[in-house]
Amino acid sequence: MSKVALVTGGTRGIGEAISRGLKDAGYTVAATYAGNTEKAEAFEAETGIHVFKWDVSNAEACVAGIAQVEAELGPVEVLVNNAGITRDGMFHKMSFEQWREVISTNLDSMFTMTQPIINGMRSRGSGRIINISSINGQKGQMGQTNYSAAKAGVIGFTKALAQENAFKGITVNCVCPGYINTDMVAAMPQKVLDSIISGIPVGRLGHPEEIAQTVVYLASDAAAFMTGAVMTINGGQYIANG
Ligand SMILES: NC(=O)c1ccc[n+]([C@@H]2O[C@H](COP(=O)([O-])OP(=O)(O)OC[C@H]3O[C@@H](n4cnc5c(N)ncnc54)[C@H](OP(=O)(O)O)[C@@H]3O)[C@@H](O)[C@H]2O)c1
């Protein structure tokens, strides 16, 4: 029987590419989403990948949603914590709501999604947890104190959880994408985007598939000795401008 992989925010953008990549690698994939049902249903119809709707920042919804996935598909052996949002603004003008929404969705979700799954992994003695952070969690980004704080938190969470679970056969790694061509980036003003691209040595945005293939590798048996790692994939932007 194929292993079950759960990808949060797995119906659009980077998560969509990860869901497709894991399916192609032979996993049974559950992809979650928050509210864009039209896109999720079209994705399910096209790919045959199972989709589930719940808010990753809601602890009770995560427990119920994960129970439903496991009842329908089997125990989750690969968890990809990918769902994330931005609510940009300079800190001196940022509302507490902008702060909370980003921290809840991007950082609290590490707890709400991982805790209901990790005990099963520990008792089975195997598992893969892959968290999607960001280049902006590594270097900080003006206008994104909320997002940079959450994504830096994801890196710390990854390293600590990796140490707690290495002897249980569970690896925990994170991937820090640079700027990738998805709806999240398309929402940025063109002028800002042009100036960002001019600072990327390879001279372009990344493709979602370029992140997905690293996740597929981290999920595989071949990556058993890699844990607590921070995979930086950004077209050279961090070394050039970090
Ligand atoms: N794009 C980039 O350049 C970039 C760079 C670095 C890091 N990242 C990170 O990579 C991840 C994916 O980004 P993306 O650009 O692919 O984003 P995206 O295109 O905006 O897609 C986000 C996905 O997350 C889901 N989602 C959002 N909030 C959620 C919630 N509260 N509960 C459950 N699902 C939720 C969305 O569901 P709906 O479809 O229902 O809205 C959607 O499937 C994020 O963590 C992001 O921070 C992105």
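Residues numbered from 1 in each chain as written. Predicted model: local features only at pLDDT ≥ 70, side-chain atom pairs only at ≥ 80, totals over all residues. Heavy atoms only, no water.

With that out of the way, let us pick up the sheet that holds strand β7 (residues 230-233). Overall, parallel pairing links the 7 strands, which are arranged β3-β2-β1-β4-β5-β6-β7 in an open sheet. Edge strands, defined here as strands with exactly one partner in the open sheet, are β3 (50-53) and β7. The mean inter-strand angle of the sheet, taken between neighbouring strand axes irrespective of direction, is 20 degrees. Across 6 bridges, strand β5 (residues 127-132) lies against strand β6 (residues 170-177) in parallel orientation. Paired with R128 across the bridge in β6 is T171. (Pairing = 2+ DSSP bridges. Helix = DSSP H or I, 4+ residues; strand = E, 2+ residues; numbered from the N terminus. Axes fitted to C-alpha atoms, helices over the stretch in contact; angles between N-to-C directions.)

Between two packed helices, the angle of one axis relative to the other and the distance separating the axes together describe the packing. Running from N to C, helix α4 (residues 96-124) and helix α6 (residues 145-165) cross one another at 15 degrees; their axes reach a closest spacing of 8 Å. Between α4 and α6, the crossing angle belongs to the class labelled roughly parallel. Seen from above, α4 lies across α6 with right-handed handedness. Where α4 abuts α6, its residues Q98, W99, V102, I103, N106, L107, M110, T114, I118 and R122 lie against T145, N146, Y147, A149, A150, K151, G153, V154, F157, L161, E164 and N165. For the contact of α4 with α6, a count of residues per class yields 12 nonpolar, 7 polar and 3 charged. (Parallel < 35°, antiparallel > 145°, perpendicular 65-115°, else oblique. Left-handed = near helix turned anticlockwise from the far one by under 90°. Contact = heavy atoms within 4.5 Å. Nonpolar A, V, L, I, M, F, W, Y, C, P; charged D, E, K, R; others polar.)

All right, on to the pairing of strand β1 (residues 4-7) then. Both faces of the sheet carry side chains from a regular strand, because those side chains alternate between them. Here β1 shows no split at all, with V4 and L6 on one side and A5 and V7 on the other all buried. Relative to strand β2 (residues 28-33), β1 is paired through 4 bridges, and the arrangement is parallel. Bridged to L6 within β2 is A30. The parallel pair β1 and β2 is bridged by helix α1 (residues 13-24), and the resulting crossover is right-handed. Across 4 bridges, the pairing between β1 and strand β4 (residues 76-81) is parallel. (Buried < 20%, exposed > 50% of the residue type's maximum accessible area, 1.4 Å probe, protein only. Right-handed = clockwise from strand over helix to strand, strands pointing away.)

The next subject is the pattern of salt bridges. In the structure shown here, the tally under the stated rule is 8 salt bridges. Put simply, R20 and E46 hold a salt bridge, and the shortest N to O gap is 3.0 Å. With R20 in helix α1 and E46 in helix α2 (residues 37-47), this pair connects stretches of sequence that are 26 residues apart. Given the relative accessible area of 55%, E46 is considered exposed. With a closest N to O distance of 3.0 Å, D108 and R100 form a salt bridge. Here R100 falls in the partly exposed class, since its relative accessible area comes to 32%. (Salt bridge = Lys/Arg side-chain N within 4 Å of Asp/Glu carboxyl O.)

Further remarks concern the site of the ligand. Near the ligand, the surroundings consist of 30 residues, among which R12, G35, N82, Y147 and T182 are the closest. Residue A34 places a main-chain N or O atom 2.9 Å away from an oxygen atom belonging to the ligand. A distance of 2.5 Å is found between an oxygen atom of the ligand and a side-chain nitrogen or oxygen belonging to T182. Those elements that provide at least two residues to the shell around the ligand are α1, α6 and α7 (183-186). Considering every element that reaches the shell around the ligand, the biggest residue donor is α7, with 3 residues. Tallied by class, residues from the shell around the ligand come to 14 nonpolar, 12 polar and 4 charged. (Near = heavy atom within 4 Å. Polar contact = N/O pair within 3.5 Å; in protein donor to acceptor, adjacent residues only side chain to side chain.)

This paragraph deals with the environment of E60. The topology assignment puts E60 in helix α3 (residues 59-73). Spatially, the C-alpha atoms of E60 and T112 are 8.2 Å apart, while their sequence positions differ by 52 residues.

Residue-level pLDDT values for the chain average 97, and 100% of them are 70 or greater. Within the chain, the lowest mean pLDDT, 88, falls on α7, and the highest, 99, falls on β4. (pLDDT = per-residue confidence, 0-100.)

Looking at the secondary structure, you find Q98 in helix α4. In this structure, the C-alpha to C-alpha distance between Q98 and D88, residues 10 residues apart in sequence, is 7.7 Å. The contacts of Q98, once residues within four sequence positions are left out, are R87, D88, G89, K93 and N146. Within the local environment of Q98, its side chain forms a polar contact with the backbone oxygen of R87, the two atoms lying 3.5 Å apart.

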